[in-house]
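Listed here are the chains, written in short residue letters.
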Amino acid sequence: MISIQTIKNVFKRKSKKQNQQGRAASQEFTIIDQKTMEEVEREYWQSDQSQIQPRQTIYKAPEQFEQIDQIQPEMEYLEYEVLDDDSLFGVSLKFNICPQEIMFINNLSSEMIFPGQKIKIPSSNLPRLSLIRVSSVGVKKNVNIWQQDSPKYHKFLMYYCIDNKNIKGVLSLTPDVIFFDPDQEDLSLSLSRSGSEQSNKPDKKEKKIRYHFCISMADMNEAVYFVLQNHTGNKDYVVQILLSGIGKKKLEQKYCKQLQRMKSQKKSIATIFLRHQERDQNDNLFAEEVKKENCIIVSQYISEICATYQQVGDNLTKIPYFDIIESNNEKFMNKMQEELPQLENLIGQRMDKIWASIDYVPVLSEESNCLNETMYKQIIERIPAVYRLAKWYIRYDTTEEGSSFENMLKDLKYQSPVIFVIKDVNQIVFGAYITSDIHYSHTFYGNGESFLFNFDNNKICVYESTQKNNDFVFCDRDGIAFGCGDKFGLFINNKLSKGYCNPCDTFDNPRFTLEENFIVQFIEVWTIQLD
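Just so you know, these numbers come straight off a predicted model, no measurement behind them. (Residues numbered from 1 in each chain as written. Predicted model: local features only at pLDDT ≥ 70, side-chain atom pairs only at ≥ 80, totals over all residues. Heavy atoms only, no water.)

**Section: the environment of Q277**
Threshold: Each helix is a run of DSSP H or I of at least 4 residues and each strand a run of E of at least 2, with the numbering of both proceeding from the N terminus. In this analysis, two residues are considered to be in contact whenever any of their non-hydrogen atoms come within 4.5 Å of each other. Whenever two N or O atoms come within 3.5 Å, that pair is a polar contact, provided that in protein one can donate a hydrogen and the other can accept it, and provided that, for residues adjacent in sequence, both atoms are side-chain atoms.
Note that Q277 resides in the loop between strand 13 (270-276) and helix 8 (288-308). Counting along the chain gives 119 residues from Q277 to M158, while the straight-line C-alpha distance between them is 5.1 Å. Sequence-distant contacts of Q277, defined by excluding residues within four places in its chain, comprise L157, M158, Y159, K168, G169, F286 and K291. Of note is the side chain of Q277, whose polar atom sits 3.0 Å from the backbone oxygen of M158.

The following block contains the structure:
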């Protein structure tokens, strides 16, 4: 019988090419039985294990060989249970999957999903957002909740304030985006053509405006909160988010350099408003302290992350309703606003009267000798959106403080913006809105957001910048002036007792007073009260 060693030696031989003869060399082999062959095979593999080098890949023969059909592996799914405040849009964001794909996988005929419903999500689509969960009942003080360990998910019951109603839903905060999921009854708004209304038949081209919004941290500058008194006498707790981008890719690419410059200067181009809900999911009233604390958390969370955030991945910003912040000194903003309606994917609208959507009417915080409630409201309507919800109060009043020009300038130092209101002896009320603090200067200052105004039968007339010049405010030892051309548009002397008014190029305003020169009865300077 042939020895095993001899067979192993034969097993290791290799045939070599015979280049000169052009044919393969032949080698004689001895036939052995099955049992010996298995023993040779086993000893061979054992002996060769010691020769394997680190990181060397080897092939080990299987014990049995059989024909196996190659079968395409089936996609694996996760089973996700829909929560009370979930929507299809919100679930798609969490798992980085489009809503249509979820509908296809789960054979859904509509976008409606219900609490407790179980839907399939591809296992490859792990949650793309790191979320922070916060109790909506109360928040412990002196705890940095957004740095706690996972699971991370922030959720607050809020209203999304648009131009004609408040949309009830849930605001979710993440380190990358914030998003709003409306309640199912407010999920969509159908706008039918008048013809379809007459025929009582649904229009095939019926449009649906979704109330979901999603905003990337890269498109936010900061957030602030306000405590406002509504027309019922109750307090509203409002969060204002100031935006550097609105999710309109074509438009933002066109004005990329200008928008980047504004972003670096913390200047905002748009804003949205959220109001805290009055009741929780169990229909219990929120405590006033809880609503205020939650709004503080939302505003601080957004502001702190935006300060150092850097964009990673695609921009997910989609906002159906926002309010453009007018800025006359940024000429490209006027062009951009003109192009907004031309965008095919634009479904947003201006919110010209913010308090109409948040159940808030601005009221005088104190008695005024110049303004009544109606006049005050009209002024606040015309100032930039970012300042409309602020608490305005009289910083300087000649009735209380006297007619000291130096004292007025001292009180107004670093105070901006300001509303300068004058009432003359003929009971005519007029004034100016100025974006800068009032101080001594040898040149004009201010910007295009400034304007002059007067009242005709309690109705305001506003005269904005014509952009013919930049002569908005001038202040020296003789007095203070607003606007200029051949003459100042409005001038008050350093005794705060007399002045004159004329048409000017800066604002293209008429003369507000009966004659060019007038005598002052009251002067009030309004500024924003900071908490």
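**Re the packing of aromatic side chains**
The cut-off we apply is this: Paired rings are identified among Phe, Tyr and Trp, the last through its six-membered ring, by centres lying within 6.5 Å, and are further divided according to the angle between planes into stacked (under 30 degrees), edge-to-face (over 60) and tilted (the rest). Burial classes follow relative accessibility: with a 1.4 Å probe on protein chains only, a residue under 20% of its type's maximum area counts as buried, one over 50% as exposed, and anything between as partly exposed. We call a charge positioned above a ring when the Lys NZ or Arg CZ atom is no farther than 6 Å from the ring centre and deviates by at most 35 degrees from the ring normal.
For the coordinates displayed, the defined rule picks out 19 aromatic pairs. Here F430 and F512 contribute two aromatic rings whose centre-to-centre distance is 6.0 Å and whose plane-to-plane angle is 40°, an arrangement assigned as tilted. A residue pair is termed long-range when its members are at least 10 positions apart, and F430 in strand 17 (residues 429-434) and F512 in the loop between strand 23 (498-501) and strand 24 (517-528) qualify at 82 residues. Given the relative accessible area of 0%, F430 is considered buried. Ring pairs connect the aromatic residues F444, F474, F488, F491 and Y500, which therefore count as one cluster. Sitting over the face of the ring of Y77, K120 holds its NZ or CZ atom 5.9 Å from the ring centroid. The aromatic ring of Y440 is capped on one face by R477, whose charged end is 4.0 Å from the ring centroid.

**A few points about the environment of L389**
Of note, L389 is situated in the loop between helix 11 (385-388) and strand 15 (392-397). Taking relative accessible area as the criterion, L389 reaches 1% and is therefore assigned buried. Note: C-alpha distance between L389 and Y225 (164 residues apart in sequence) is 9.3 Å.

**Looking at unusual backbone geometry**
Phi is mostly negative for residues that are not glycine, and the peptide bonds are mostly trans. Look at the link from S416 to P417: it is a cis peptide, with omega at -5°. Tracing the backbone shows P417 in the loop between helix 13 (405-411) and strand 16 (418-424). Non-glycine residue Q427 carries a positive phi angle of around 65°. Within the secondary structure, Q427 sits in the loop between strand 16 and strand 17. Judged by relative accessible area, Q427 falls into the partly exposed class, the value being 45%.

**Things to note about the pattern of salt bridges**
Pairs can form between side chains of opposite charge whenever their charged atoms are close. To keep things clear, this is the line we draw: Think of a salt bridge as a Lys or Arg side-chain nitrogen and an Asp or Glu carboxyl oxygen that are within 4 Å of each other.
All told, the structure shown has 7 salt bridges when counted by the stated rule. The salt bridge partner of R275 is D236, with a shortest N-O separation of 3.5 Å. In this pair, R275 sits in strand 13 while D236 sits in strand 12 (residues 235-243), placing the two residues 39 residues apart along the sequence. Judged by its relative accessible area of 2%, D236 falls in the buried class. Measuring nitrogen to oxygen at the nearest pair gives 3.2 Å for the salt bridge that ties E406 to R477. Placement of the pair is E406 in helix 13 and R477 in the loop between strand 20 (473-476) and strand 21 (479-484), with a sequence separation of 71 residues. When salt bridges that share partners are traced, they join D236, R275, E278, E288 and K291 into one network.

**What to know about the confidence of the model for the chain**
Convention followed: pLDDT measures how confident the predictor is about each residue, on a scale from 0 to 100.
In the predicted model, the chain carries a mean pLDDT of 75, and 67% of its residues have values of at least 70. Here residues 52-72 is a poorly scored stretch, pLDDT under 50, and it has 7 contacts once near neighbours within four places are set aside; other chains count. For residues 342-352, every residue scores under 50 in pLDDT, and the model assigns this stretch 32 contacts once sequence neighbours within four places are set aside.

**With respect to helix 10 (residues 373-382)**
All of the buried residues along helix 10 are M375, Y376, Q378, I379, I380 and E381. N-capping of helix 10 is provided by N372, with a side-chain oxygen placed 3.2 Å from the backbone N of T374.

**Quick notes on the pairing of strand 16**
We apply this condition: Two strands pair if DSSP finds at least two bridges between them.
The element strand 16 is largely enclosed, with a buried count of 7 among its 7 residues. Alternating positions in strand 16 separate into two faces, V418, F420, I422 and D424 on one and I419, V421 and K423 on the other, with burial throughout. In this structure, strand 16 lies alongside strand 17, joined through 6 bridges in antiparallel fashion. Pairing of K423 across the sheet is with V429, part of strand 17. Where strand 16 folds back on strand 17, the antiparallel hairpin that results is connected by 4 residues, among which Q427 adopts a positive phi of roughly 65°.

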